[in-house]
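Structural overview
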Amino acid sequence: MISFPNCKINLGLHILGKRNDGYHDLATVFYPLPVKDVLEIVKAPALQLSVTGIPVGGPPEKNLCVKAWELLKADFPDLSPVTICLHKNIPMGAGLGGGSADGAFMLSLLNNKFNLQLSKKELLQYALQLGSDCPFFIHNQPCLATGRGEVLTPLALDLGNYSFLLVHPGVHVNTAWAFSQVHPTGNGTALEAIVQQPVETWKDQLINDFEAPVISHHPELQEIKHRLYDAGAIYASMSGSGSAFYGIFPKDQLPGIEWPSAYSVFFNR
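In what follows, the accompanying structure is described.

In contact at an axis separation of 8 Å, helix α1 (residues 64–75) and helix α2 (residues 98–113) are set at 35 degrees when each is read in the N-to-C sense. Along this stretch, α1 crosses α2, giving a crossing that reads as right-handed. Judged by residue contacts, Leu 64, Cys 65, Ala 68, Trp 69 and Leu 72 of α1 engage Gly 99, Ser 100, Asp 102, Gly 103, Met 106, Leu 107 and Leu 110 from α2.

Written out as structure tokens, the structure reads:
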């Protein structure tokens, strides 16, 4: 059985404060985009992970697809081992949620292949055990995210009349480091209200709190945003804790920009 985990971008991101559990309260709007990995599971004598495409660091037991299988195995002892074939296309350390998507899609794949009859609510509970962003990929529709990112409110937000350009400069931003650079302000600007306004109004209102400190540490990233706006983007921003940037353009009017060969560039027309 095969599926295609997609990425997300953040439309605005405010860090509101540090929690007693060590996490941060935040507010953001998650929006799915069709830049995708490929995930296949095949019944096997023993659990195995095979990764192609973008190299994935770390031991297999740290991979969220493996962790997803282990989570379900604990509650479903008869769950069969599988060979997990993962082709990575979504850059890592980019703020695009590729690893979280893989883990969430793995839960859904196992649920469907082995007829575990888990409800959406139960899948969301398992996904949260994998990571704060993972529950979004069970919904996989535009959502306002609050709490530590797990409190999700679906939004009627359709940007299908625009085209997107994603640019990843090959810089890996560690999420824990990025959080350590942000000074919470308690700014509770109603992001859900901003994103319901015309995209043309977003430039001075829709802010990602990670963008300034990440660019301060990696000043070369500022050029990406400048080039997106110079090329006609209606709105441009860093996604999540970076380092990927996206530009929103009029439909079918994506520009031809030459980027350094080390960059990964993705289009959504």
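Reading across from one edge, β10-β11-β9-β12 is the order of the 4 strands in this open sheet, with antiparallel pairing throughout. Looking at which strands have only one partner, the edges of the open sheet turn out to be β10 (235–238) and β12 (264–268). Sheet twist, expressed as the average angle between the axes of neighbouring strands with direction ignored, equals 15 degrees. This element, helix α8 (residues 222–230), spans β9 (162–168), β10 and β11 (245–250) of the sheet and lies at about 5 degrees to β11.

Another aspect to go through is the pattern of salt bridges. Applying the stated criterion across every chain, the model contains 3 salt bridges. The salt bridge partner of Lys 88 is Asp 102, with a shortest N-O separation of 3.1 Å. Here Asp 102 lies in helix α2 and Lys 88 lies in strand β6 (residues 82–88), a separation of 14 residues in the sequence. Between Glu 211 and Lys 225 there is a salt bridge, and its shortest N-O distance comes to 2.5 Å. In this pair, Glu 211 sits in helix α7 (residues 211–217) while Lys 225 sits in helix α8, placing the two residues 14 residues apart along the sequence. By relative accessible area, Glu 211 is classed as buried at 10%. Overall, the relative accessible area of 18% leaves Lys 225 in the buried class. Counted as one network, the salt bridges with shared partners bring together Asp 37, Lys 88 and Asp 102.

Cut-offs and rules
Residues numbered from 1 in each chain as written. Predicted model: local features only at pLDDT ≥ 70, side-chain atom pairs only at ≥ 80, totals over all residues. Heavy atoms only, no water. Axes fitted to C-alpha atoms, helices over the stretch in contact; angles between N-to-C directions. Helix = DSSP H or I, 4+ residues; strand = E, 2+ residues; numbered from the N terminus. Left-handed = near helix turned anticlockwise from the far one by under 90°. Contact = heavy atoms within 4.5 Å. Pairing = 2+ DSSP bridges. Salt bridge = Lys/Arg side-chain N within 4 Å of Asp/Glu carboxyl O. Buried < 20%, exposed > 50% of the residue type's maximum accessible area, 1.4 Å probe, protein only.

All quantities given are derived from atomic positions and should not be read as evidence of function.
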